[in-house]
Protein chains: 2
Amino acid sequence: MSNGTGHYEKRLSDLAGLYADQTAFAALLAEGDRVVYDVTEFRPSEKAGDVIFGVTRMSPGRIGDEFFLTRGHIHAKSDRPEIYYGQKGTGLMQLESPDGETRIVEIGPQTICYVPPYWIHRSVNIGDEDLVMVFCYPADSGQDYGIIERSGGMRHRVVAVDDGWTLTDNTSYVPRPPEVAAALVGNAV
Amino acid sequence: MSNGTGHYEKRLSDLAGLYADQTAFAALLAEGDRVVYDVTEFRPSEKAGDVIFGVTRMSPGRIGDEFFLTRGHIHAKSDRPEIYYGQKGTGLMQLESPDGETRIVEIGPQTICYVPPYWIHRSVNIGDEDLVMVFCYPADSGQDYGIIERSGGMRHRVVAVDDGWTLTDNTSYVPRPPEVAAALVGNAV
């Protein structure tokens with residue numbers, strides 16, 4: 001994407017703590033702190049009513065039986081949605097509601113994924129090539145990356161099985177107390 | 001696009017009055033009131049902070065030396081922007097500020113066009129195949145289609161020349177009075 005106003009990269013070390021197989025993570029990190037995904041964005045302003053868009057590219061890769069994935073976030077203004085639009089590769093959008101419901105949207109080229117207000121979301125590259133998506137969200141959304149860390153990860157893990165994937169329970173997951181979940185849905189501005 | 005919540009078509013008769021060559025327009029319309037463009041959209045809500053997205057497809061065609069184009073609009077909340085993302089074909093986004101400045105953005109596959117707040121915009125199919133674009137805009141934007149009609153069209157016409165296009169003055173254009181242009185920029189909510 002040309003004419004972006006910002007660019008950032010996330011490296012393997014930025015994903016520390018996300019994976020069940022810590023031995024596999026340490027072994028891969030010992031080979032080098034490679035770039036896992038990068039984002040080029042156009043951020044015209046952060047005003048309410050404006051929109052931010054950009055392109056995200058994630059390498060293929062595995063750590064144990066889990067795939068490369070993004071850290072994931074909920075919007076700081078949690079009622080703000082996000083649009084993802086698949087360009088290349090094969091991925092999943094892993095969605096989790098504040099009270100712990102999981103939904104999975106498979107994304108390939110020309111798939112549009114609408115992340116509704118209040119849903120935590122993370123993308124997962126389940127293919128063997130780069131996963132490239134365009135995204136767009138309200139400019140005043142903000143991001144809360146800590147929400148996943150505070151509950152010990154997302155409720156489910158996406159794991160490889162044969163040529164596909166399945167969900168397993170994340171045994172480290174601590175459900176959000178009902179009042180915390182309710183507050184996330186109640187903070188609309 | 002699947003899972004859309006709405007769909008509409010615009011036919012040739014909906015474009016009456018937009019073209020300089022009214023004889024050519026009448027002759028083409030006599031052959032049948034064909035669909036010029038159609039839009040499939042996903043409109044989750046119309047709340048501030050939500051977003052609407054969709055896909056628009058416009059046929060190739062000419063009326064005199066002008067191309068098939070959309071009626072064009074400014075957002076009813078005029079500070080709301082819009083993103084267009086080219087998928088197929090070759091087009092132009094014709095942008096006009098309230099005080100009459102014209103800007104043109106050429107759009108092909110993978111071109112992202114950001115329509116800034118306060119700009120009137122119309123798309124033009126300058127190619128010989130369908131022009132397909134994805135779009136996204138704030139859910140509370142609204143549309144004012146009358147703005148172009150009230151000034152006798154957009155200030156410039158996009159006309160075919162050799163294998164390309166150029167701009168000519170629209171002789172029917174009546175500039176907006178300064179107070180009208182100022183009010184358009186001042187109605188941000």
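Throughout, a residue's number is its position along its own chain's written sequence, starting from 1. Naming scheme: in the order in which they are written, chains are lettered from A and ligands are numbered from 1. Per-residue local features are limited, in this predicted model, to residues with pLDDT of at least 70; the limit for side-chain atom pairs, both in listing and counting, is 80 or more; totals at the level of whole chains, interfaces and linings are taken over all residues. For the side-chain quantities, the full set of heavy atoms in the structure was used; hydrogens and water were omitted.

Asker: Looking at this structure, I do not really get the interface of chain B and chain A. What am I missing?
Answerer: One frequently used descriptor of interface size is the decrease in accessible area upon assembly of the parts. Throughout, a residue-residue contact means that at least one pair of heavy atoms, one from each residue, lies within 4.5 Å. The partner chain A presents 19 residues to the 19 residues of chain B that form the contact. Two parts lose some accessible area (1.4 Å probe) when they are put together, and adding that loss for both gives the buried area. Of the roughly 1600 Å² buried where chain B meets chain A, counting both sides, 72% is carbon and sulfur surface. Any carboxyl oxygen of Asp or Glu within 4 Å of a side-chain nitrogen of Lys or Arg constitutes a salt bridge here. If you look at where chain B meets chain A, you find 0 salt bridges. We call two N or O atoms a polar contact when they sit within 3.5 Å, provided that within protein one can donate a hydrogen and the other can accept it, with sequence-adjacent residues counted only if both atoms are side-chain atoms. On the surface where chain B and chain A come into contact, there are 4 residue pairs in polar contact (both at pLDDT 80 or more). Elements with a minimum of two residues in the side of chain B that touches chain A: strand E3 (51–58), strand E6 (82–88), strand E9 (112–115) and strand E11 (131–138) of chain B. Note that Gly is not counted as nonpolar here; it falls among the polar residues with everything else outside the nonpolar set of Ala, Val, Leu, Ile, Met, Phe, Trp, Tyr, Cys and Pro and the charged set of Asp, Glu, Lys and Arg. Of the residues in the side of chain B that touches chain A, the class split is 14 nonpolar, 3 polar and 2 charged. Strands here mean DSSP runs of E at least two residues long; helices mean DSSP runs of H or I at least four residues long; both are numbered from the N terminus.

Asker: Help me understand the UniProt feature "domain: Glucose-6-phosphate isomerase prokaryote" (unreviewed entry) in chain A in this model?
Answerer: UniProt positions are given in the numbering used here, feature names are shortened, and annotations may be inferred rather than shown by experiment. Following the UniProt record, the feature "domain: Glucose-6-phosphate isomerase prokaryote" (unreviewed entry) maps to residues 10–174 of chain A here. For residues 10–174 of chain A, helix accounts for 8% and strand for 43%, while the C-alpha atoms at its two ends are 26 Å apart.

Asker: Explain the sheet that holds strand E2 (residues 35–42) of chain A to me, please; I cannot follow it from the model alone.
Answerer: Hydrogen bonding along the main chain pairs the strands of a sheet, whether they run parallel or antiparallel. Residues and elements named next belong to chain A. On the basis of which strands lie adjacent, the open sheet formed by 6 strands has the order E1-E2-E3-E11-E6-E9 and antiparallel pairing. Both edges of this open sheet fall to strand E1 (6–11) and strand E9 (112–115), since each of them pairs with a single strand only. Strand-to-strand, the axes of this sheet are offset by a mean angle of 20°, without reference to chain direction. Think of it this way: DSSP has to see at least two bridges between two strands before they count as a pair. Here 6 bridges tie E1 to E2, and the two strands are oriented antiparallel to one another. In the sheet register, Gly 6 faces E2, and the bridge partner there is Glu 41. With axes taken as lines fitted to C-alpha atoms, and helix axes fitted only over the stretch in contact, angles between N-to-C directions fall between 0 and 180 degrees.

Asker: What am I meant to see in the packing of aromatic side chains here?
Answerer: Each aromatic ring pair is described using two quantities: the centre-to-centre distance and the angle formed by the ring planes. Pairing of aromatic rings covers Phe, Tyr and Trp, the last through its six-membered ring, and needs centres within 6.5 Å; plane angles under 30 degrees mean stacked, over 60 mean edge-to-face, and all others mean tilted. For the structure on display, the rule yields 13 aromatic pairs over all chains. Seen from their ring centres, Phe 135 of chain B and Tyr 137 of chain B are 6.0 Å apart, and the 20° between their planes marks the pair as stacked. A simple rule labels every residue: compare its accessible area, found with a 1.4 Å probe on the protein chains alone, to the largest value its type can have, and call it buried under 20%, exposed over 50%, or partly exposed in between. Using a relative accessible area of 6% as the deciding quantity, one classes Phe 135 of chain B as buried. Aromatic ring contacts, followed pair by pair, group Phe 42 and Phe 53 of chain A together with Tyr 114 of chain B into a single cluster. When the ring centre of Tyr 145 of chain A is taken as reference, the NZ or CZ atom of Arg 71 of chain A above it lies at 4.2 Å. By definition, being over a ring means that NZ of Lys or CZ of Arg is both within 6 Å of the ring centre and within 35 degrees of the ring normal.

Asker: Sorry, what's going on with the relation of the copies chain B and chain A here?
Answerer: Mapping one chain copy onto the other needs a rotation about an axis and a shift along that axis. Overlay of chain B on chain A (RMSD 0.0 Å): rotation 180°, translation along the axis 0.0 Å. The transformation relating the two chain copies, once decomposed into turn and shift, fits a two-fold axis. The position closest to the rotation axis in chain B is occupied by the C-alpha of Gly 49 of chain B, lying 3.3 Å away. Looking at chain B, 100% of its interface residues are interface residues in chain A too, so the copies touch through the same face. Superposing copies: least-squares fit, C-alpha atoms only, residues required to have pLDDT of at least 70 in both.

Asker: In this structure, what is going on with the sheet that holds E9 of chain B? I would like to understand it.
Answerer: Residue and element names in this part refer to chain B. The strand order E1-E2-E3-E11-E6-E9 describes an open sheet built from 6 strands, whose pairing is antiparallel. Strands with a single pairing partner mark the edges of an open sheet, and in this sheet they are strand E1 (6–11) and E9. Each neighbouring strand pair of the sheet contributes to a mean axis angle of 20°, computed without reference to strand direction. One ladder, built from 8 bridges, connects E3 with E11; its direction is antiparallel. Bridge pairing links Gly 54 to Phe 135 in E11.

Asker: Honestly, the pairing of strand E13 (residues 164–169) of chain A in this entry has me stumped. Any pointers?
Answerer: Within a regular beta strand, the side chains point alternately toward one face of the sheet and then the other, so they alternate between its two faces. Residues and elements named next belong to chain A. The sheet contact formed by strand E12 (residues 156–161) and E13 spans 6 bridges and is antiparallel. From the neighbouring strand, Val 161 faces E13, where its bridge partner is Gly 164. Here E12 folds back onto E13 in antiparallel fashion, the turn holding 2 residues, of which Asp 162 has a positive phi close to 50°.

Asker: Can you walk me through the pattern of salt bridges in this structure?
Answerer: In total, this model carries 24 salt bridges over all chains according to the counting rule given. Salt-bridge contacts for Arg 80 of chain A lead to Asp 140 of chain A; the nearest nitrogen and oxygen are separated by 2.7 Å. You can see Arg 80 of chain A sitting in the loop between strand E5 (66–67) and strand E6 (82–88) and its partner Asp 140 of chain A sitting in the loop between strand E11 (131–138) and helix H2 (146–150), a full 60 residues away along the chain. Of the charged contacts, one joins Asp 38 of chain B and Arg 57 of chain B as a salt bridge, the two residues approaching to 2.8 Å between their closest N and O atoms. With Asp 38 of chain B in strand E2 (residues 35–42) and Arg 57 of chain B in strand E3, this pair connects stretches of sequence that are 19 residues apart. The exposure class assigned to Asp 38 of chain B is buried, which follows from its relative accessible area of 14%. Each of Lys 77, Asp 79, Arg 80 and Asp 140 of chain A takes part in a single network of salt bridges with overlapping partners.

Asker: Mind showing me how you'd approach the state of the cysteines here?
Answerer: Two cysteine sulfur atoms make up a disulfide if the distance between them is within 2.5 Å. If you walk through the whole model with that rule in mind, you get 0 disulfides over all chains. Sulfur of Cys 113 of chain A: no disulfide; nearest cysteine sulfur belongs to Cys 136 of chain B and is 13 Å away.

Asker: Even after reading the chapter, I still don't get helix H1 (residues 22–30) of chain B, so can you show me in this structure?
Answerer: In an α-helix, one full turn covers 3.6 residues, which means residues spaced three or four apart are oriented alike. Sitting at the amino-terminal end of H1 of chain B is Asp 21 of chain B, which places a side-chain oxygen 3.3 Å from the backbone nitrogen of Thr 23 of chain B. Just downstream of H1 of chain B lies Gly 32 of chain B, where phi reads positive at about 140°.

Asker: Would you explain the side chain of Thr 40 of chain A in this entry?
Answerer: Residue and element names in this part refer to chain A. In this structure, Thr 40 sits in strand E2. A polar side-chain atom of Thr 40 sits 2.9 Å from a polar atom in the side chain of His 7. If near-sequence neighbours (up to four positions away) are discounted, Thr 40 is found in contact with Met 1, Gly 4, Gly 6, His 7, Gly 54, Val 55 and Phe 135.

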